[in-house]
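Observations on the model geometry
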Amino acid sequence: MNALEIVKEYYGHFNAKNWDGMMGLLDAEIKHEANQGDVRIGLEKFREFLGIMDTCYDETLTDMVFFAEPSNSRVAVEFVVNGIYKVADEGLPPAHNQTYVLPAGAFLEVKNGKISRVTTYYNLPLWIELVSK
């Protein structure tokens with residue numbers, strides 16, 4: 001598979017909540033740069049992140065637009081996050097199943113057939129506003 005196909009499969013697994021499928025597409029030294037958060041390196045850290053996500057949020061991504069570059073190593077994707085905030089995440093507002101719709105984007109790097117970097121961006125103050133209503 002080329003980088004674009006790998007990234008599309010990765011997000012297909014995300015929407016299916018197939019965490020093992022996502023993990024299978026990641027490099028052992030995956031670098032995960034979450035929006036306004038610490039950089040996580042390695043599969044164990046990424047799996048911990050997925051556990052928090054699965055506990056606190058129920059998200060589906062829609063309106064996905066993928067952009068690939070000619071060297072077949074980087075892919076950008078723009079999408080809309082449709083979510084439910086189920087359980088309060090540390091340092092964030094209380095949760096009581098608030099729904100939210102939020103634009104976001106990500107940049108991914110692929111090396112040797114595996115995703116080696118995921119960098120995600122969204123407007124955190126807007127998300128806080130949406131779940132604080």
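In case you missed it, the structure is sitting above this.
We now turn to the structure provided with this report. (Residues numbered from 1 in each chain as written. Predicted model: local features only at pLDDT ≥ 70, side-chain atom pairs only at ≥ 80, totals over all residues. Heavy atoms only, no water.)

1. Quick word on the side chain of R117
Looking at where R117 falls in the secondary structure, it is placed in strand β6 (residues 114–122). Given a relative accessible area of 17%, R117 falls into the buried group. There is a polar contact of 2.9 Å between the side chain of R117 and the side chain of T119. When residues no more than four places from it in sequence are discounted, the contact partners of R117 are I30, K31, E33, R74, F107, L108 and E109. (Helix = DSSP H or I, 4+ residues; strand = E, 2+ residues; numbered from the N terminus. Buried < 20%, exposed > 50% of the residue type's maximum accessible area, 1.4 Å probe, protein only. Polar contact = N/O pair within 3.5 Å; in protein donor to acceptor, adjacent residues only side chain to side chain. Contact = heavy atoms within 4.5 Å.)

2. What to know about the sheet that holds strand β5 (residues 98–111)
Read across the sheet, six strands follow the order β2-β1-β6-β5-β4-β3 without closing on themselves; strand pairing throughout is mixed. Where the open sheet ends on each side, the last strands, each with one partner, are β2 (39–41) and β3 (57–68). Strand-to-strand twist of the sheet, defined as the mean angle between neighbouring strand axes without regard to direction, takes the value 20°. Examined bridge by bridge, β3 and strand β4 (residues 74–85) share ten bridges and lie antiparallel to one another. Residue pairing for β4: D58 is matched across the bridge by I84. (Pairing = 2+ DSSP bridges. Axes fitted to C-alpha atoms, helices over the stretch in contact; angles between N-to-C directions.)

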